[in-house]
Structure formats: structure tokens, C-alpha cells
Amino acid sequence: MVLDVYTHQFVHHRNSKRNVSRPPRLISANNLDQKEAEQYVVVEQSGSDMATSAAPIDGIAAAAFRSVLQRVQRAAERSGRESHQVRVVAVSKTKPVSLIRQVYDAGNRCFGENYVQELIEKAPQLPDDIEWHFIGNLQSNKVKPLLAGVPNLAMVESVDDEKIANNLDRVVGSIERKPLKVLVQVNTSGETSKFGVEPSGCVELAKHVSLGCPNLEFSGLMTIGMLDYSSTPENFKRLSNCRAEVCKALGIPEEQCELSMGMSADFEQAIEMGSTNVRIGSTIFGAREYPKKQVQT
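Residues numbered from 1 in each chain as written. Predicted model: local features only at pLDDT ≥ 70, side-chain atom pairs only at ≥ 80, totals over all residues. Heavy atoms only, no water.

**Student:** Just give me the short version of the packing of aromatic side chains, but keep the residues and values in it.
**Tutor:** Applying the stated criterion across every chain, the model contains one aromatic pair. Centre to centre, the rings of Phe 111 and Trp 132 are 6.0 Å apart; their planes meet at 50 degrees, and the pair counts as tilted. Placement of Phe 111 in strand 8 (residues 110-113) and of Trp 132 in strand 9 (residues 131-134) is noted, with a sequence separation of 21 residues between them. Comparing Phe 111 with Trp 132 shows no difference in burial state: the two are buried. Above the face of the Tyr 104 ring, Arg 109 is positioned so that its terminal group lies 3.6 Å from the ring centre. (Phe/Tyr/Trp six-rings, centres within 6.5 Å; stacked < 30°, edge-to-face > 60°. Helix = DSSP H or I, 4+ residues; strand = E, 2+ residues; numbered from the N terminus. Buried < 20%, exposed > 50% of the residue type's maximum accessible area, 1.4 Å probe, protein only. Lys NZ or Arg CZ within 6 Å of the ring centre and 35° of its normal.)

This is the structure in C-alpha cells:
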């Protein structure tokens, strides 16, 4: 992720008494960690006056989010739609609450997490008007903790078999919350490393959720594309074909069936091919940070 900085800047280090003049440059979010970001404030030169920003340079996450919205708008226009017809899910996996709050303050209300425990820990620390999407593989023993710990869980995007659908349906009913929106995850690439029902089974699973799970609201389909996806859009086409089959079987218009496809590397192409829900992580928040494994001696 790169943030363009075109103004002439003076960068003042908090531990130094001098300003260092720097020419226009590019700031990469991947090259700044939180500790480094807190050491600097940006002082923009305007004529003979200098205005110091009170915010540290880690505001690049908010700026990156706004840049994503512009790219979404252009991609939506190319597909003959308006930007409000495409939901941006800011995927905050491994990122601190402070960065999530920054993107929240920039106007976003929809965030996604991959791990139940991480979501349970983050959600109470953030505003309750956030619409959380769970987008990772969900195990049956994690269903109750997830639903009980995150009252503002808006959607589970990763329902890939009847067992997990039944567990979600049962727990939602037992805690007497409103019906939970779910997407059926489809493995459109055929990769064994990915979760999801086979395309040939998506109709039956969608029917089960729609007709057999009264506490769930079938809302559409989700897929994860291949890594070299920008040159091989077959997976997106396959999910679109699945939607046509599902909608025919359920007797609903395709506009009522969402397509969640597209991530940081391919969300613009996904939108052009009909995506209504894009899941964007590193382009907004920077590279993910995983705990280093300790080497046993």
C-alpha cells in the first residue's frame, strides 16, 4: 500500500530539536510499524507558514481507505452501477483496535475478521454500530462463543456445509437475536487448500439454508479466488453462474443474491464482474503481522 505525498514537507522527530527538510516522496505503510509512526508528525509547508498535523503518520490507513473507495467507485461505474451498490468490508485480521478505529473514524462501518477469538476480543472495544462480518472457516464449537460475544455480528460469509448452518441456526434461535445473514462459500477454484462447497453442491446448500434454517437469512454466495486471479477470472464467472442456478432454484431475482468476491489484489476486476461485497485487508491496513514462532532449543 502506498500513499502519495506531493506537498513539500518538513518532518519533525519528537526526540530531536530540529526540522529536516525533505522533498516530495512516497510513504509506504508496509515500511512503518506502529512504534515508528508514533515518532513522527508531518509538518506541511504552505508559503511561509507551516501547519503541524496533530495526528501521527499512521493516519495512512484512513487515507488508504478513502483511496479504496475511489477505486471502488470507478470500478462500479465501469460495471454500470453506483458505488453504494458495492459494500467494502475492511478486513482487520491481526491489526490493532487503534487502526480499526482510525478507519471507522474515516466513515467505514463494515469490518471483517477471520478468527473467532480475535473478533471476540476486539468487538467490545469498538463502537456497537460496526457491522462485523465473520469471513474465516467457522468450527462448530466456536459458533456459540462467536454469537454470544459479538451481538453486532451482521453476517457470516463462510457457511460451507449443512452442519455449520444447522449449528448457527440453533444458536441464533436460542439467544433470541434477529435472523443472521449468511453467505454460502463456494470453492470455485477447485483448490484443496480452500474451504467451500463444490459448485455442484451450492444449490442444495443454499436451499437448506433458505428453507430449513428459519433463524438464518440466506443472502448470497462467497468465494476466494486463486492467487494469480487477475489473469484468470474463471472463478468469478463460476460464482456468477452458481448465483443464476441458485436464484432459479429458489425463485428469487439475482439482485437479492449477493456475490462476495474480490480482495486486495483483484477487487476492481471482481466489481466489474458483478461483485456486491469486496473484502479488503492489506490495501487498507498494510501487510498483516503474525506473531513470530519461538524456536525451541
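After presenting the structure, the write-up continues.
**Student:** Which residues make up the packing of helix 6 (residues 162-174) against helix 7 (residues 202-212), and what are the values?
**Tutor:** At a closest axis distance of 10 Å, the pairing of helix 6 and helix 7 adopts a crossing angle of 15 degrees. One element, helix 6, and the other, helix 7, form an angle in the roughly parallel class. The chirality of how helix 6 crosses helix 7 is right-handed. Note on element contacts: helix 7 touches helix 6 through Leu 205, His 208, Val 209 and Gly 212, opposite Glu 162, Ala 165, Asn 166 and Asp 169. Looking at the contact of helix 6 with helix 7 residue by residue, the class counts come to three nonpolar, three polar and two charged. (Axes fitted to C-alpha atoms, helices over the stretch in contact; angles between N-to-C directions. Parallel < 35°, antiparallel > 145°, perpendicular 65-115°, else oblique. Left-handed = near helix turned anticlockwise from the far one by under 90°. Contact = heavy atoms within 4.5 Å. Nonpolar A, V, L, I, M, F, W, Y, C, P; charged D, E, K, R; others polar.)

**Student:** Before we move on, can you summarise unusual backbone geometry with the specific residues and values?
**Tutor:** Negative phi is the rule for most residues except glycine; trans is the rule for most peptide bonds. For Thr 94, which is not a glycine, the phi torsion comes out positive at approximately 70 degrees. Structurally, the position occupied by Thr 94 is in the loop between strand 7 (87-91) and helix 3 (97-105). Even without glycine at this site, Glu 176 takes up a positive phi of about 55 degrees. For Glu 176, a relative accessible area of 73% gives the class exposed.

**Student:** Could you give an account of the pattern of salt bridges, naming the residues involved and the relevant values?
**Tutor:** If you walk through the whole model with that rule in mind, you get ten salt bridges. Here Asp 129 makes a salt bridge to Arg 109, at a shortest N to O gap of 3.2 Å. Residue Asp 129 is located in the loop between helix 4 (116-122) and strand 9, and its partner Arg 109 is located in the loop between helix 3 and strand 8; the two are separated by 20 residues in the primary sequence. Taking relative accessible area as the criterion, Asp 129 reaches 39% and is therefore assigned partly exposed. Judged by relative accessible area, which is 31%, Arg 109 ranks as partly exposed. The salt bridge partner of Lys 194 is Glu 191, with a shortest N-O separation of 2.6 Å. Take Lys 194: its relative accessible area is 19%, and that puts it in the buried class. For Glu 191, a relative accessible area of 24% gives the class partly exposed. When salt bridges with common partners are traced through the structure, they connect Glu 113, Glu 118 and Lys 122 into a single cluster. (Salt bridge = Lys/Arg side-chain N within 4 Å of Asp/Glu carboxyl O.)

**Student:** An account of the environment of Asp 169 is requested, with residue identities and associated values reported.
**Tutor:** Mapped onto the elements, Asp 169 comes out in helix 6. A sequence separation of 44 residues divides Asp 169 from Cys 213, and the C-alpha atoms of the two residues are 5.7 Å apart.

**Student:** Break down the side chain of Asn 277 for me, with residues and values.
**Tutor:** Considering the arrangement of structural elements, one finds Asn 277 in strand 14 (residues 277-280). One polar contact links Asn 277 to Arg 87, side chain to side chain, over a distance of 2.5 Å. Here Asn 277 is in contact with Arg 87, Val 89, His 133, Glu 157, Glu 258, Leu 259, Ser 260 and Met 261, once residues within four sequence places are set aside. (Polar contact = N/O pair within 3.5 Å; in protein donor to acceptor, adjacent residues only side chain to side chain.)

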